[in-house]
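# Structural characterization, general
Single-letter residue listing:
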Amino acid sequence: MKIERVTLSVVVMSLHTPFKASTHGADALRHILVKLEGDGITAWGECAAPTEPYYMGETTETCWHIMKDFLAPAVVGKEWSDPYEFARLYERTKGNGFAKSGLEMAAWDFAARANGRSLSAELGGTRPEILSGVSLGIQRDLDKLIATIQKYVDQGYRRVKMKIAPGFDVEPVRAVRERFPDLAVMADANSAYRLADADHLRQLDAFDLMMIEQPLEWDDMVNHAQLQTMMTTPICLDESVRTVADARRMIDSKAGKVINIKAPRVGGFGEAKAIAELAAANGIGVWCGGMHEFGVGRAGAVALCSLAAFDLPGDISGSDKYFDEDIVEPVILAENGAIRVPTERVGLGWEPVEGRIAARTLATDVITA
Ligand code: OSB
Ligand code: MG
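Residues numbered from 1 in each chain as written. Chains lettered and ligands numbered in written order. Predicted model: local features only at pLDDT ≥ 70, side-chain atom pairs only at ≥ 80, totals over all residues. Heavy atoms only, no water.

A separate point is the sheet that holds strand β1 (residues 5–20). Spatial ordering of the open sheet is given by β3-β2-β1-β15, a layout of 4 strands whose pairing is antiparallel. Lying at the two open borders of the sheet, with one neighbouring strand each, are β3 (41–47) and β15 (361–368). If you compare each strand with its neighbour and ignore which way they point, the axes differ by 25° on average. In terms of strand pairing, β1 meets β15 through 7 bridges, oriented antiparallel. Across the sheet, Val-11 pairs through a bridge with Thr-361, a residue of β15. Those strands touched by helix α3 (residues 97–114) are β1, β2 (25–38) and β3, and its axis lies near 150° from that of β3. (Pairing = 2+ DSSP bridges. Helix = DSSP H or I, 4+ residues; strand = E, 2+ residues; numbered from the N terminus. Axes fitted to C-alpha atoms, helices over the stretch in contact; angles between N-to-C directions. Contact = heavy atoms within 4.5 Å.)

Take a look at the structure:
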């Protein structure tokens, strides 16, 4: 396979409802869409980096620089036979997982289309539908928070993640648990606490949470291992797992019991698959997190979730949770808390609508061989 042309576009989408976490918030997103052309095939990827460096350090701008100046020039005009070989073309570039993930996802879509099968099949997915859930931003008005949860429960979602932060934790979790005694609920702190808060966090053990996600520092395993010995609620790592090597360190040091895997955070599907398989083989729970993906990235996340290792409901909801109109057709919808995997269609399974993308494009760059 050979790519003749890489088109990068910065695309802006407004969230119909602003989203707030402990360290970051957003009301509009700028993701970089990747269009690969070659061998008569057009394939798509999405770089879902936030605009600010408050989650993992990368931003839309850093990704634009790395993709345009290093990654795309390394792959155009080169022969490759599978997405792993494609990724080796730019392996000299260290880190920058979000930037790599946009291009790598497009390579998987390209390979799927070349092989005439769905992205799910290309990745080795077997689930006919994925277990969907919602991630809810911080909503300090508890009546409104409960009304929002009720709305998603009524839509059929069976698992709810709520963001917590110092000053917004034990009481809101208690209120949610009292109102929804049987709902699968979890909390995500986005690294807002320190080990000195352990006694405070232990109060969450009373509420039968599925897990607490990334309570401590974004790059720390040792403190999470210590905290896990002090809490019964399972710890899930998000920010701290960027590579298979990190996952191995997490397992060896017992720094948690669950991993939130997002292809954008770990550099793409190849690394995400490897982490999922390592975790599953070691009794670590696996689910798929999100970055408020537009339709292209969301279609990719659905395909990833279709792997057998993704055994817990994740954050991949229908796109109507975030956007009034998405950039793909048909709409990505969850029914009864599940999204059907479109294995009857080749590639992503939801097709980008180029007119809608153009209408939202702020900048474009084309890299040719
Ligand atoms: O920590 O999982 C997170 C969004 C942006 C950055 C980090 C996170 C999130 C979410 C939203 O929780 C998940 C989604 O619905 O896409
Ligand atoms: Mg998280």
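Volume-wise, the largest pocket comes out at about 510 Å³. In terms of lining residues, the largest pocket is bounded by 22 residues, among which Tyr-90, Lys-100, Val-266, Gly-267 and Glu-271 are the most central. Of all the elements in the fold, those that place two or more residues in the lining of the largest pocket are α2 (83–88), α3, α10 (263–266) and α11 (269–281). Partitioning the lining of the largest pocket into residue classes produces 8 nonpolar, 6 polar and 8 charged. Two domains share the lining of the largest pocket, each providing at least three of its residues, namely domain 1 (5–116 + 353–368) and domain 2 (122–340). Space inside the second largest pocket adds up to approximately 310 Å³. Residue lining of the second largest pocket: 17 residues in total, with Thr-17, Pro-18, Leu-136, Gly-137 and Thr-148 positioned closest to the centre. (1 Å grid on protein atoms, 1.4 Å probe; cavity = no way out; pocket = protein on both sides within 12 Å on 5 of 7 lines; lining within 4 Å. Points joined across faces, edges and corners; volume = space filled by probe spheres on them. Nonpolar A, V, L, I, M, F, W, Y, C, P; charged D, E, K, R; others polar. Domains from an automatic or database assignment.)

Note: interface size is frequently given as the accessible area lost on complex formation between the parts. Parsing the protein into structural domains produces domain 1 (5–116 + 353–368) and domain 2 (122–340). Centre-to-centre, using C-alpha coordinates, domain 1 lies 23 Å away from domain 2. Listed per partner, the contact involves 36 residues of domain 1 and 44 residues of domain 2. Of the roughly 3,400 Å² buried between domain 1 and domain 2 on both sides combined, carbon and sulfur atoms contribute 67%. (Buried area = accessible area lost by both parts, 1.4 Å probe.)

So, on to the pattern of salt bridges. If you walk through the whole model with that rule in mind, you get 23 salt bridges. Here Asp-315 makes a salt bridge to Lys-161, at a shortest N to O gap of 2.6 Å. You can see Asp-315 sitting in the loop between α12 (295–305) and β12 (328–329) and its partner Lys-161 sitting in strand β6 (residues 159–163), a full 154 residues away along the chain. Looking at Lys-161, the relative accessible area reads 2%, which means it is buried. One salt bridge connects Arg-202 with Asp-199, and the closest N-O pair in it is separated by 3.9 Å. In this structure Arg-202 comes out as partly exposed when scored by relative accessible area, which is 36%. The class for Asp-199 is exposed, based on a relative accessible area of 57%. (Salt bridge = Lys/Arg side-chain N within 4 Å of Asp/Glu carboxyl O. Buried < 20%, exposed > 50% of the residue type's maximum accessible area, 1.4 Å probe, protein only.)

Before going further, it helps to examine the nonpolar core. Core analysis: the biggest nonpolar cluster contains 90 residues, and Leu-204 and Ile-259 have the highest contact counts within it. If one sorts the elements of this core by residue count, α12 sits on top with 7 residues. Split by domain, this core shows at least three residues from each of two domains, domain 1 (5–116 + 353–368) and domain 2 (122–340). Here Ile-259 is in contact with Cys-236, Leu-237, Val-241, Ala-247, Met-250, Arg-265, Ile-275, Ala-279, Ile-284, Gly-285, Val-286 and Trp-287, once residues within four sequence places are set aside. Within the second largest apolar cluster, 34 residues are counted, among which are Leu-36, Ala-43, Met-56 and Ile-66. (Core = buried A, V, L, I, M, F, W, Y, C linked by side-chain atoms within 4.5 Å.)

A separate point is the site of ligand 1. Taken together, 16 residues sit near ligand 1, with Ser-135, Asn-190, Lys-262, His-292 and Tyr-322 positioned nearest. Take Lys-161: an N or O atom from its side chain is 3.0 Å from an oxygen atom of ligand 1. The contact in question runs from an oxygen atom of ligand 1 to an N or O atom on the backbone of His-292, over 2.7 Å. Protein contact buries 98% of the 390 Å² of open area that ligand 1 shows by itself. (Near = heavy atom within 4 Å. Polar contact = N/O pair within 3.5 Å; in protein donor to acceptor, adjacent residues only side chain to side chain. Areas by Shrake-Rupley, 256 points an atom, 1.4 Å probe, with all protein chains shown as cover.)

A cis geometry characterises the amide bond from Glu-329 onward to Pro-330, with omega recorded as -15°. Here Pro-330 lies in the loop between β12 and β13 (338–340). Although it is not a glycine, His-292 sits at a positive phi angle of roughly 50°. Considering the arrangement of structural elements, one finds His-292 in the loop between β11 (285–288) and α12. Residue His-292 is classed as buried on the basis of its relative accessible area of 16%. Located in the positive-phi region is Asn-336, a residue other than glycine, with phi close to 50°. In this fold, Asn-336 is placed in the loop between β12 and β13.

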